[in-house]
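# Residue-level structural notes
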Amino acid sequence: MGKGAMSQGNEIGEGDNMAAWLTGINTIRIQPFNLPPLGPHDAKVRMKAVGICGSDVHYLRIVHPADLCFKLPDNVSLEEGAMCEPLSVGVHACRRASVGPETNVLVMGAGPIGLVTVLSARAFGASRIIIADVDEERLSMAKKVGSDECILVSRNSQDIDEEVTRIQNAMGGNIDVTFDCAGFDKTMSTALKATSPGGKVCLVGMGHNEMTVPLTPAAAREVDIFGVFRYRNTWPLCLEFLRSGKVDVKPLITHRFGFSQKEVEEAFETSAGGGNAIKVMFNL
């Protein structure tokens, strides 16, 4: 399918460039995508491994500025290279929060972004990392990728104070930086209450567009609050983390699919269904 051919009898020319298009609610179709003409500083890139992200449209080939293309180190696979995209979110968040060897980190949410934030914080040298989530299976994965302690929490906002106490006791010291990788009222409220005076809370997840949170008490404790949106200038550092072995993203790739119509639909259903699916990968 790297040449554009499709299985299952679809009438697609050998030279066609195909993409998975969201054509309606819960409707994905593999259809041709016409590449724009190459500019003087562009490169045509053949896609070989692509992970599912809710904001993506997946192509077999793309045109991309050449100075924003990075060669994979010899010991980094195509799938690991594709994982630079989600990993970049965690790297950018840790840069924004100035995570270092003396930083105690709390991560709210053990989904894909929470897990890459754990990996990034460990690579930046965080002294202790705790993660909280409502799903025991996700917490088990967080333990495997480097979290020191995993806290099972509820979805009930009435449990926040008790859970904050458990989180603080598990940390055994100041919580210097909290990353909310879910972005809900409860996770952000927990982050603001759990973070030590003078600490930082970084909103990474975007679960809710608007939230009601205890902002005034956090301000009284001089907790800094800031957000991240995607990332910038992260690819070289991500590739170095992968090359050096400081970050291992392979355990996060839980499902693999080809690029037929049936497999694309199954892949998105698997990703949306949660469960044990962390990162779903297309091999083209």
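Everything below is about the structure printed above this text.
This section reports on the structure supplied with the text. Note that the coordinates shown come from a computational prediction; the quantities given were computed from them, not determined experimentally. (Residues numbered from 1 in each chain as written. Predicted model: local features only at pLDDT ≥ 70, side-chain atom pairs only at ≥ 80, totals over all residues. Heavy atoms only, no water.)

### Observations concerning the sheet that holds strand β13 (residues 253–257)
With mixed pairing, 3 strands are arranged side by side in an open sheet as β4-β14-β13. At either end of the open sheet lies a strand with only one pairing partner, and these are β4 (49–51) and β13. Taken over all neighbouring pairs, the strand axes of this sheet differ in orientation by 30° on average, direction set aside. Of the pairings in the sheet, the one linking β13 to strand β14 (residues 279–283) comprises 4 bridges and is parallel in character. Bridging from a neighbouring strand, F257 pairs with F282 of β14. Each of β13 and β14 touches helix α9 (residues 261–273); the most contacted strand, β14, lies at about 165° to it. (Pairing = 2+ DSSP bridges. Helix = DSSP H or I, 4+ residues; strand = E, 2+ residues; numbered from the N terminus. Axes fitted to C-alpha atoms, helices over the stretch in contact; angles between N-to-C directions. Contact = heavy atoms within 4.5 Å.)

### Observations concerning the pairing of strand β11 (residues 200–203)
Note that strand β10 (residues 177–180) and β11 share 4 bridges and pair parallel. Counterpart to F179 in the pairing with β11 is C202. One crossover worth recording links β10 to the parallel β11 by way of helix α6 (residues 185–194), and it is right-handed. Here β11 runs beside strand β12 (residues 224–227); their pairing, made up of 4 bridges, is parallel. Paired with C202 across the two strands is F226, which belongs to β12. (Right-handed = clockwise from strand over helix to strand, strands pointing away.)

### A closer look at the packing of aromatic side chains
If you walk through the whole model with that rule in mind, you get 5 aromatic pairs. Between the aromatic rings of W21 and F33, the centroid separation amounts to 5.8 Å while the plane-to-plane angle is 50°, which identifies the pairing as tilted. Taken together, the positions of W21 in strand β1 (residues 18–24) and F33 in the loop between β2 (27–32) and β3 (42–46) put the pair 12 residues apart, joining distant regions of the chain. On the basis of relative accessible area, W21 is assigned to the partly exposed category, the value being 26%. The interplanar angle of 75° and the centroid separation of 5.8 Å between the aromatic rings of F124 and F241 together place this pair among those described as edge-to-face. Residue F124 is found in the loop between α3 (112–123) and β8 (128–133), and its partner F241 is found in helix α8 (residues 235–244); the two are separated by 117 residues along the sequence. Of the residues examined, F241 reaches a relative accessible area of 6% and is grouped as buried. Put simply, the rings of F259, F268 and F282 touch in pairs and so form one group of aromatic residues. (Phe/Tyr/Trp six-rings, centres within 6.5 Å; stacked < 30°, edge-to-face > 60°. Buried < 20%, exposed > 50% of the residue type's maximum accessible area, 1.4 Å probe, protein only.)

### Considering the pattern of salt bridges
One pass over the full model with this rule turns up 11 salt bridges. Here R166 and E162 are joined by a salt bridge, their closest N and O atoms 2.7 Å apart. Pair noted here: R166 and E162 are both in helix α5 (residues 160–171), with a separation of 4 residues, about one helical turn. R166 gets classed as partly exposed once you look at its relative accessible area, which sits at 32%. Overall, the relative accessible area of 44% leaves E162 in the partly exposed class. As a salt-bridge pair, R243 and E240 come within 2.7 Å of each other at their nearest N and O atoms. Note that R243 and E240 are positioned in helix α8 at a spacing of 3 residues, about one turn of the helix. (Salt bridge = Lys/Arg side-chain N within 4 Å of Asp/Glu carboxyl O.)

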